[in-house]
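So you can see what is in the structure, the chains are spelled out below.
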Amino acid sequence: MAIDCIKNIPTMLHQPKEEYKDEQKPLVFDASVLKHQTQIPKQFIWPDDEKPCVNAPELQVPLIDLGGFLSDDPVAAKEASRLVGEACRKHGFFLVVNHGVDSSLIADAHRYMDHFFELPLNEKQRARRKLGEHCGYASSFTGRFSSKLPWKETLSFRYSAEKSLSNNIVEDYLLNTMGDEFKQFGRVYQDYCESMSRLSLGIMELLAISLGVDRTHFKEFFEENDSIMRLNYYPPCQKPELTLGTGPHCDPTSLTILHQDQVGGLQVFVDNEWRSISPNFEAFVVNIGDTFMALSNGRYKSCLHRAVVNSQTTRKSLAFFLCPKNDKVVSPPSELVDTDSSPRIYPDFTWPMLLEFTQKHYRADMKTLEVFTNWLQQKKQLK
């Protein structure tokens, strides 16, 4: 497996040791207790230059109607791809409406989050995420780091569109992890992931059109995707001005499809300032990740973003992270590479290599792809 290459990563690439967990002083993030406390633990207090800004201005992102494109209207497809291209060259964020995802399924996906996150902590821990893994329940990042912790809980699970695997991978995982009472819970998120996979492949067609490559190129690349679904649960914080729900980062994955509830909290760093993307329950927020930035040879941007919290209301969001099948080599199509005008920016890699890098050796931030690329190039030079 490609991930074997990364087990003995040089110490120089590790981020500051003080960020990692102090094994002698374990911290437990119990939202049912902490959401009422007026003094929050120091591990959740962020540096002054990273603390949230009040009343961030609104980011104007294109609202792209997929109705015509999904109905095979060539004029609509051309216009949608133009808007997608403009957004991806600038900051990598856009909204999609008339996306074909059943509104009742979206509502159920939000509603069923409460069934899990309102459980007592010891019951949620049945799905506890193990160190170095990307699936399971995480109460903040208390098992990985001891500073700049995010004020959130998450439940993550794998989705695979690979034809040779079980058609119910999400449902089976949740049933085996949480028991029979979560059978319907698992069914909801199995259906949701299947809808996200279909929507992702449609968006990949638009991205291909906008980049001037064969319309089916990226769709076929991700057809048997091996992706990650994450439920984000941000409890209230009595000192929201001191902490962040999710710290500044670029997604290492290929494409993120996010659905926000009506509370709000997503912010994007554009033109040297943080700007907010207001909730729209009819729309999905889509953004480019590091892996697709590499696939586009740097033409499309993976943009820095974060989530803020508030003192009154729990915020929920659903994030589907599209990732290629494990054996797919991330390499841009020939149309996007020219020795003189557009040379290769990133070396070939596979998704498991980058995933392993972010789970065991590097805390994802705005420089993940750059640091990962440098490491790969150094390894190649040593051979």
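Up top is the structure.
Report on the accompanying structure. Please read all numbers here as calculations on a predicted model, not as lab measurements.

Next up on the list: the sheet that holds strand 9 (residues 273-276). Hydrogen bonds between backbone atoms are what pair the strands of a sheet, whose relative direction is either parallel or antiparallel. Pairing within the open sheet is antiparallel, and its 4 strands lie in the order 6-11-8-9. What marks the edges here is a single partner per strand, and that holds for strand 6 (246-249) and strand 9. Averaged over neighbouring strand pairs, the angle between their axes works out to 25° when direction is ignored. Where strand 6 meets strand 11 (residues 305-307), 2 bridges bridge the pair, whose relative direction is antiparallel. Note on strand 11: the bridge partner recorded for His249 is His305.

Here we take up the sheet that holds strand 1 (residues 63-65). An order of 1-2-10-7-12-5-4-3 is seen for the 8 strands of this open sheet, with the pairing classed as mixed. Two strands in the sheet have a free side with no partner beyond their single neighbour: strand 1 and strand 3 (136-139). Each strand axis lies, on average, 25° off the axis of its neighbour in the sheet, ignoring direction. Bridge count for strand 3 against strand 4 (residues 153-160) is 4 bridges, and the pairing is antiparallel. Residue pairing in the sheet places Gly136 in a bridge with Ser156 of strand 4. On the sheet, helix 3 (residues 74-90) packs against strand 1, strand 2 (93-97) and strand 10 (284-288) and is oriented at approximately 150° with respect to strand 2. Strands strand 3 and strand 4 of the sheet are contacted by helix 6 (residues 169-178), whose axis makes an angle of about 135° with strand 4.

Its 17 residues place the ends of helix 3 25 Å apart at the C-alpha level, agreeing with the 24 Å of an ideal helix rising 1.5 Å per residue. Burial in helix 3 covers these residues: Ala76, Ala77, Ala80, Ser81, Val84, Gly85, Ala87 and Cys88. Where helix 3 is buried, its residues contact strand 1, helix 2 (67-70), strand 2, helix 7 (183-211) and strand 10. For helix 3, the capping residue at the N-terminal end is Asp73, with a side-chain oxygen 2.9 Å from the backbone nitrogen of Val75. Of the residues one or two after helix 3, Gly92 is the one with positive phi, at around 85°.

A positive phi is found at Asn98, a non-glycine position, where the angle reads about 50°. On the basis of relative accessibility, which here comes to 48%, the residue Asn98 falls in the partly exposed class. Positive phi values are uncommon outside glycine, yet Asp271 reaches one of about 55°. You can see Asp271 is positioned in the loop between strand 8 (266-270) and strand 9.

Attention shifts here to the side chain of Ser200. Tracing the chain through its elements places Ser200 in helix 7. Engagement of the side chain of Ser200 in a polar contact is seen with the backbone oxygen of Met196, the distance being 2.7 Å.

A separate point is the nonpolar core. Considering soluble globular proteins, one finds that nonpolar side chains tend to be buried as a cluster. The biggest cluster of nonpolar side chains holds 97 residues, and the ones touching the most others in it are Phe116, Leu155, Tyr189, Leu207, Leu231 and Phe292. It is helix 7 that provides the largest number of residues to this core, a total of 14 residues. Sequence-distant contacts of Leu207, defined by excluding residues within four places in its chain, comprise Val84, Cys88, Leu255, Ile288, Phe292 and Tyr300. Residues Ala31, Leu34, Trp151 and Tyr234 belong to the second largest nonpolar core, which totals 13 residues.

With respect to the element layout, Tyr362 can be found in the loop between helix 10 (351-361) and helix 11 (368-382). With relative accessibility at 6%, the residue Tyr362 sits in the buried group. Taking the C-alpha atoms as reference points, Tyr362 and Glu86, separated by 276 residues in sequence, lie 31 Å from one another.

A ring pair, where both rings are aromatic, is described by two values, the distance of the centres and the angle of the planes. Taken as a whole and assessed by the stated rule, the structure comprises 18 aromatic pairs. Here Phe116 and Phe117 contribute two aromatic rings whose centre-to-centre distance is 5.1 Å and whose plane-to-plane angle is 90°, an arrangement assigned as edge-to-face. We note that Phe116, like Phe117, is buried. Across from the ring centre of Trp274, 4.1 Å away, lies the NZ or CZ of Arg306, which sits over that ring.

The element strand 12 (residues 315-322) is extensively covered by neighbouring structure, given that 8 of its 8 residues are classed as buried. Where burial is concerned, the two faces of strand 12 agree: the one with Arg315, Ser317, Ala319 and Phe321 and the one with Lys316, Leu318, Phe320 and Leu322 are both buried. Examined bridge by bridge, strand 5 (residues 226-234) and strand 12 share 7 bridges and lie antiparallel to one another. Across the sheet, residue Met229 finds its bridge partner in strand 12, namely Phe320. Pairing of strand 7 (residues 255-260) with strand 12 involves 6 bridges; the strand directions are antiparallel.

Basis of the calculations
- Residues numbered from 1 in each chain as written.
- Predicted model: local features only at pLDDT ≥ 70, side-chain atom pairs only at ≥ 80, totals over all residues.
- Heavy atoms only, no water.
- Pairing = 2+ DSSP bridges.
- Helix = DSSP H or I, 4+ residues; strand = E, 2+ residues; numbered from the N terminus.
- Axes fitted to C-alpha atoms, helices over the stretch in contact; angles between N-to-C directions.
- Contact = heavy atoms within 4.5 Å.
- Expected span 1.5 Å × (residues − 1).
- Buried < 20%, exposed > 50% of the residue type's maximum accessible area, 1.4 Å probe, protein only.
- Polar contact = N/O pair within 3.5 Å; in protein donor to acceptor, adjacent residues only side chain to side chain.
- Core = buried A, V, L, I, M, F, W, Y, C linked by side-chain atoms within 4.5 Å.
- Phe/Tyr/Trp six-rings, centres within 6.5 Å; stacked < 30°, edge-to-face > 60°.
- Lys NZ or Arg CZ within 6 Å of the ring centre and 35° of its normal.

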